[in-house]
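Chain residues, written in single-letter form:
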There are 2 protein chains.
Amino acid sequence: MKFIHTSDWHLGRQFHNVSLLEDQKQVLNQITRYVTENQIDAIVIAGDIYDRSVPPTAAIEVLDGFLNHMVQDLNVPVIMISGNHDGAKRLGFGSKQFDKAGLHIISSLEQLCTPVEIVSDQDRVVHFYGMPYSDPETVRHHYDIQINNHDDAHAYLTSQIGNVLDKDVHNIVISHCFIDGAETCESERTLSIGGADRVSYEHFKSFDYVALGHLHQAQKRGLETIRYSGSIMKYSFSEQHHRKSVTLVEICDESGEITTRALPLNAPHDMRVLEGELENLLELGRSDANSDDYLLVRLTDKHAILDPMAKLREVYPNVLHLEKPGMLVGVDKEISQARLGRSEVDMFRDFFLEVQGDEMTDNQKDMLSEVVMSLKKQSEE
Amino acid sequence: MKFIHTSDWHLGRQFHNVSLLEDQKQVLNQITRYVTENQIDAIVIAGDIYDRSVPPTAAIEVLDGFLNHMVQDLNVPVIMISGNHDGAKRLGFGSKQFDKAGLHIISSLEQLCTPVEIVSDQDRVVHFYGMPYSDPETVRHHYDIQINNHDDAHAYLTSQIGNVLDKDVHNIVISHCFIDGAETCESERTLSIGGADRVSYEHFKSFDYVALGHLHQAQKRGLETIRYSGSIMKYSFSEQHHRKSVTLVEICDESGEITTRALPLNAPHDMRVLEGELENLLELGRSDANSDDYLLVRLTDKHAILDPMAKLREVYPNVLHLEKPGMLVGVDKEISQARLGRSEVDMFRDFFLEVQGDEMTDNQKDMLSEVVMSLKKQSEE
């Protein structure tokens, strides 16, 4: 019995005004290949299918195409829950009809205690419980009980499932939450201040495997079998060092033992941060085999540069963000001059060199100094 | 073999900033009752399920609830096409999975020539072809042929179905278009100028029944069996005299003969136009059993009235629009005065009477005249 655990697809995400949908499609194709190569019995998607509650039509088409291929062509059931980025009710349209086709969308707490049963070729029975993303308020209202934070909410939800658990089969729970102590990164939407969104892994100990979504880095929490699969691709520059993958979960048909393995995913464009002086980066870019990666460039030059973005994009077409900590950007003239320790004359000379390709002559420098001085004098009067 | 033909639900429609969703739910309940009372074999919805391509979540929930009840609880298949108001791709999400559950959403021309087969208890086989709303450009691109207008498009689409038609069964086509000569009303979105959206009924003659949507008034076009069911409730004041219904279509199991019958729908609030003088309408309203209908009020009073909307809403709480053709509304002061033949002094006297409940005294009239004259004089200087 084998299933793939994945999460945080964020289909339809725009990143610095660039649509990532084509990249996402290619990554989904890699998942499809893993499914066929490994004779997978089911796919679990632990929330944040879409990037927002009303996804763009093109993202809906991509998901539709993937799901059709899985459940219709490959006959592999898909079990998914809604995440905090998904619009639960919108995602849940038609879910009762989908069940018959092997597509299980769990987006309402009504569905919490009804497991999806998957039986392997060797008759190993596995029950998958889906816990749609639920903030404390949702749980409080749904069950009419006192719930103060995410930990309370998940303690309650897991205990609800605990009441109906069949101990004779393997039980898997799918959840989209922030298990305490896990590392975070920029693109995980901050849910609350001061840790009220943290959930203890202890509540999940009675399950054989916990398929988590929400955090973008693959990792285990507390136990080997409580795992985040991580997102399918990088969604912020803070994720630049992540290695993205889906998690292949195998339940040994004889022993019932569970093992996991990461199957790597490679997005067509990597997301990287480059830091250095412009000239060095341009040099680097000319021989960079992955020059079309999505880049954040941090320029360390200390002098003014004319339109550095245009220059960079000649070699790195997908520079998405530029930081110039050493230069005059969004700061007062006085502050930047003080920081750079450079006068107007110095800065104009940088500019002149940049535009003309030559240093100013001494004559030109004198004239410039005169003009600047007379302007300064005028503004002081 | 019996099926219900309906169309133009426009779920989620806002009318003069009032949500019609509660009314729509109640009307759908009436359809549900007809389905159970008449042992219906299928429901056909001929487009404009939603009012817009990205419907509000609450409208999605209403549709989901209706469809779940039909296909899951009552086991009655539903066949629907997308209309011009629907977002075809958004509506079509998961349609391949839905098929297995008896929910057939036809929103792509890919599905045009694949009929949904329904077999009655008496083994009468009926093929339903769905023609999603298609403007000429869509058809031109999809088939890569020359198409100039809606008539061309529908000639082509019907001929495509004609190529695969099984003459041994009953063939029904579902379409959302503007069959030539049909009466229109305000709330049918105007598609083009000069009749380029008109389609001849002749193209549809080879079908046993044509279930049309788009026009809001129930009617036949060309043949007895080419019919609009009309919308499920009134969606504009121009529809005030429509009688809304669904069409019950019966195919005689012995003879194969087709008969139709209108099953009336009654929205909780009617949509009506009231015309008259304020005092008369207020009088009428006090004894009007349906005073909570949605109203357009056309006041015929010739004198100025202070806040007539508030006065009307005391007896008719759902006045949604007010027209005052005889009064100073959105016209120049000079024009309205000329039309009314009333001076500033006259109008102020109306206002005074209205606010104070008493005529001005002669003294007050004199003072008013003086003030108005001095103001006029000042503005002329």
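Residues numbered from 1 in each chain as written. Chains lettered and ligands numbered in written order. Predicted model: local features only at pLDDT ≥ 70, side-chain atom pairs only at ≥ 80, totals over all residues. Heavy atoms only, no water.

## Quick look at the packing of aromatic side chains
Next, step 1: All chains considered together, the criterion is met by 13 aromatic pairs over all chains.
Next, step 2: The ring of Phe178(B) has Arg198(B) sitting right over it, with the charged end atom 3.9 Å from the ring centre. (Phe/Tyr/Trp six-rings, centres within 6.5 Å; stacked < 30°, edge-to-face > 60°. Lys NZ or Arg CZ within 6 Å of the ring centre and 35° of its normal.)

## Considerations on the pairing of strand 12 (residues 209–213) of chain A
Residues and elements named next belong to chain A.
Next, step 1: Buried residues dominate strand 12, accounting for five of its five residues.
Next, step 2: Neither face of strand 12 is exposed, since Tyr209, Ala211 and Gly213 on one face and Val210 and Leu212 on the opposite face are all buried.
Next, step 3: As defined by bridge partners, strand 9 (residues 170–176) adjoins strand 12 across five bridges and the pair is classed as parallel. Each residue of the ladder has a partner; that of His176, found in strand 12, is Gly213.
Next, step 4: Taken together, the three bridges between strand 12 and strand 14 (residues 223–228) define a ladder with parallel strand orientation. Pairing of Val210 across the sheet is with Ile226, part of strand 14. (Buried < 20%, exposed > 50% of the residue type's maximum accessible area, 1.4 Å probe, protein only. Helix = DSSP H or I, 4+ residues; strand = E, 2+ residues; numbered from the N terminus. Pairing = 2+ DSSP bridges.)

## Considering the interface of chain A and chain B
Next, step 1: Tallying the contact residues gives 24 residues for chain A and 24 residues for chain B.
Next, step 2: The contact between chain A and chain B buries some 2300 Å² in all, and 59% of this surface belongs to carbon and sulfur atoms.
Next, step 3: Contact with chain B buries surface across chain A, with Arg90(A), Phe93(A) and Gln97(A) losing the most and accounting together for 33% of the total.
Next, step 4: Taken together, chain A and chain B are joined by two salt bridges.
Next, step 5: With its nearest N and O atoms 3.7 Å apart, the salt bridge here joins Lys89(A) to Glu61(B).
Next, step 6: At the junction of chain A and chain B, the tally comes to twelve residue pairs in polar contact (both at pLDDT 80 or more).
Next, step 7: Elements supplying a minimum of two residues to the side of chain A that touches chain B: helix 2 (57–73), helix 3 (88–91) and helix 4 (95–100) of chain A.
Next, step 8: Per-element tally for the side of chain A that touches chain B: the top contributor is helix 2 of chain A, with nine residues. (Contact = heavy atoms within 4.5 Å. Buried area = accessible area lost by both parts, 1.4 Å probe. Salt bridge = Lys/Arg side-chain N within 4 Å of Asp/Glu carboxyl O. Polar contact = N/O pair within 3.5 Å; in protein donor to acceptor, adjacent residues only side chain to side chain.)

## Points about the relation of the copies chain A and chain B
Next, step 1: Mapping chain A onto chain B leaves a residual RMSD of 0.2 Å; the transformation is a rotation of 180° accompanied by 0.1 Å of translation along its axis. Considering both components of the superposition, the chain copies are consistent with a two-fold axis. Scanning chain A for the C-alpha nearest the rotation axis identifies Phe98(A), at a separation of 3.0 Å.
Next, step 2: Residue by residue, 100% of the interface of chain A is reproduced at the interface of chain B, so both copies engage with the same surface. (Least-squares fit on C-alpha atoms with pLDDT ≥ 70 in both.)

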